[in-house]
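Given next are the chains, with one letter for each unit.
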Amino acid sequence: MPQTYREARWYRSMLYVPGDKLDWMLKAPKYGADALIFDLEDSVEVTQKAEARNTVAAAIRELRTGPFGRFVRLNGWRTGYLLDDLNAVAIDGLDGVAPAKTDDPEEIAALDLVLGELERSRGLPAGRIEIWPHPESALGMYRLYQLCTASQRVKRAGCSGGPTPGGDGARSLGLNHATEEGIYFGAYSALQARAAGIVQVEGAMMGRLDDLESVRRIGERSKRMGASFGSAIHPSHIPIINEIYSPSQEEIHEACDIISVLAEATSRGEGAVRYKTTMVLDYALVRTAMDVLKKAQAVGIDVGDVPNIELPPL
């Protein structure tokens, strides 16, 4: 059976913002991230969580018409906080939720059911709110494929660059002081996500605020490993992440050339054509080129007139 892919809005960058700081959330759009993640988990102290839920809901209402995505990082199941989190933030304007420390596919399936009930009771579009699982343990990372297939709401996953140095995932894997070794675990995560039909794959995130050189290095490495977007905990990282995950002019020009060359060949009744040193025999090359141009157009880059090519179904 051919593999099917889940359509989802593409974001180059996502910016985490503490959910107890309304002024920070309201000014976050100016930093240029394609999506915002309002955090109700680690960045909010236990005694402040109830108030933070209302603060996040107020931010979603205020920002609901913005051109960026609006996600909320939820406290995990079995904390006693998740249902209260959902009840507060599952409102018009919410694009997705990211449950923290997800280990079990049943947690995703249960979250799907609860979201469905909230959507029906509140008159929200059915199935619109995404679930973005965040495995932060060795068990969760091992089960990423199962997490991704537990609900059709799951349309993005991570992280292909490996666990964040110093984070829960790195600690679970015994990589507390390692920065490069996590790449091997990231490669396995990317494989599982892609096998589940997820093409929106998160790269590794840099936890050090002022190390912009490492932000670029880790982002470029993650992209080479199949990541399509990156996340940040500081606004200064966003321009670098946007640059990394935006198609370059060189990539755009090459994509246009590949499509044009094949379009000319098919008009002559030819099924294969040479492009530079490569024979364009496989439609995968053309689909890749089309993906590049689609991403460029999504971020407002003019790609010019591109010939229309009808491709056979996957």
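Since we're looking at a predicted model, the values are computed, not measured.

Help me out: how do you make sense of the nonpolar core in this one?
One broad trend across soluble globular proteins is that nonpolar side chains are buried collectively. Membership of the largest hydrophobic core comes to 53 residues, with the highest contact counts inside it found for F38, V72, V89 and V97. Not counting chain neighbours up to four residues away, the residues in contact with V72 comprise I37, F38, L40, V56, I60, V89, L94, G96, V97 and A98. If you look at the next biggest cluster of nonpolar residues, it comprises 14 residues, including I259, A263, V292 and V303.

What am I meant to see in empty space enclosed by the protein here?
Rolled over the atoms, a probe as big as a water molecule pinpoints where empty space is left. Applying the stated rule across the entire model yields two cavities of 30 Å³ or more. The space that makes up the largest cavity amounts to roughly 80 Å³. If you go around the largest cavity, the residues you meet are A204, M205, M206, V215, I218, G219, G230, S231, H237, I241 and Y245. Of all the secondary structure elements, the ones that give two or more residues to the lining of the largest cavity are α9 (212-224), β8 (230-232) and α10 (238-245). Here the lining of the largest cavity gets three residues from one element, more than from any other, and that element is α9. Among the residues forming the lining of the largest cavity, the class breakdown is seven nonpolar, four polar and no charged.

What is the right way to read the UniProt feature "binding site: Mg(2+)" (unreviewed entry) in the chain from this model?
UniProt records the feature "binding site: Mg(2+)" (unreviewed entry) at E136 and D168, using the numbering of this structure. On the basis of relative accessible area, E136 is assigned to the buried category, the value being 13%. In terms of polar contacts, E136 uses its side chain to reach the side chain of R73, at 3.1 Å.

Help me understand the pattern of salt bridges, please; the structure alone is not making it clear to me.
Across all of its chains, the model carries 22 salt bridges by this definition. When salt bridges with common partners are traced through the structure, they connect D39, E41, D42, R73, K101 and E136 into a single cluster.

Is there a simple way to think about the packing of aromatic side chains in this case?
Any aromatic ring pair is given by two values, namely how distant the centres are and how the planes are angled relative to each other. This model, assessed by the stated rule, comprises three aromatic pairs. Note on W132 and F229: the rings are 5.7 Å apart at their centroids and 65° apart in plane angle, and the pair reads as edge-to-face. Of this pair, W132 sits in the loop between β5 (130-131) and α5 (138-142) while F229 is found in the loop between α9 and β8, placing the two residues 97 residues apart along the sequence. As far as burial versus exposure is concerned, W132 and F229 are alike and both buried. When the ring centre of W24 is taken as origin, the NZ or CZ atom of K21, which lies over that ring, is 5.3 Å away.

Would you mind showing me how to read the sheet that holds β8 here?
Backbone hydrogen bonds are what pair the strands of a sheet, in a parallel or an antiparallel way. Within the open sheet, the six strands sit side by side as β5-β4-β3-β2-β1-β8. Their pairing is parallel. One side of each edge strand has no neighbouring strand; the edge strands of this open sheet are β5 and β8. Bridge count for strand β4 (residues 96-99) against β5 is two bridges, and the pairing is parallel. Each residue of the ladder has a partner; that of V97, found in β5, is I131. Along the sheet, helix α3 (residues 82-89) makes contact with β3 (69-74) and β4, crossing β3 at roughly 160°.

Conventions we followed
- Residues numbered from 1 in each chain as written.
- Predicted model: local features only at pLDDT ≥ 70, side-chain atom pairs only at ≥ 80, totals over all residues.
- Heavy atoms only, no water.
- Core = buried A, V, L, I, M, F, W, Y, C linked by side-chain atoms within 4.5 Å.
- Buried < 20%, exposed > 50% of the residue type's maximum accessible area, 1.4 Å probe, protein only.
- Contact = heavy atoms within 4.5 Å.
- 1 Å grid on protein atoms, 1.4 Å probe; cavity = no way out; pocket = protein on both sides within 12 Å on 5 of 7 lines; lining within 4 Å.
- Points joined across faces, edges and corners; volume = space filled by probe spheres on them.
- Helix = DSSP H or I, 4+ residues; strand = E, 2+ residues; numbered from the N terminus.
- Nonpolar A, V, L, I, M, F, W, Y, C, P; charged D, E, K, R; others polar.
- UniProt positions renumbered as here; feature names shortened; annotations may be inferred.
- Polar contact = N/O pair within 3.5 Å; in protein donor to acceptor, adjacent residues only side chain to side chain.
- Salt bridge = Lys/Arg side-chain N within 4 Å of Asp/Glu carboxyl O.
- Phe/Tyr/Trp six-rings, centres within 6.5 Å; stacked < 30°, edge-to-face > 60°.
- Lys NZ or Arg CZ within 6 Å of the ring centre and 35° of its normal.
- Pairing = 2+ DSSP bridges.
- Axes fitted to C-alpha atoms, helices over the stretch in contact; angles between N-to-C directions.

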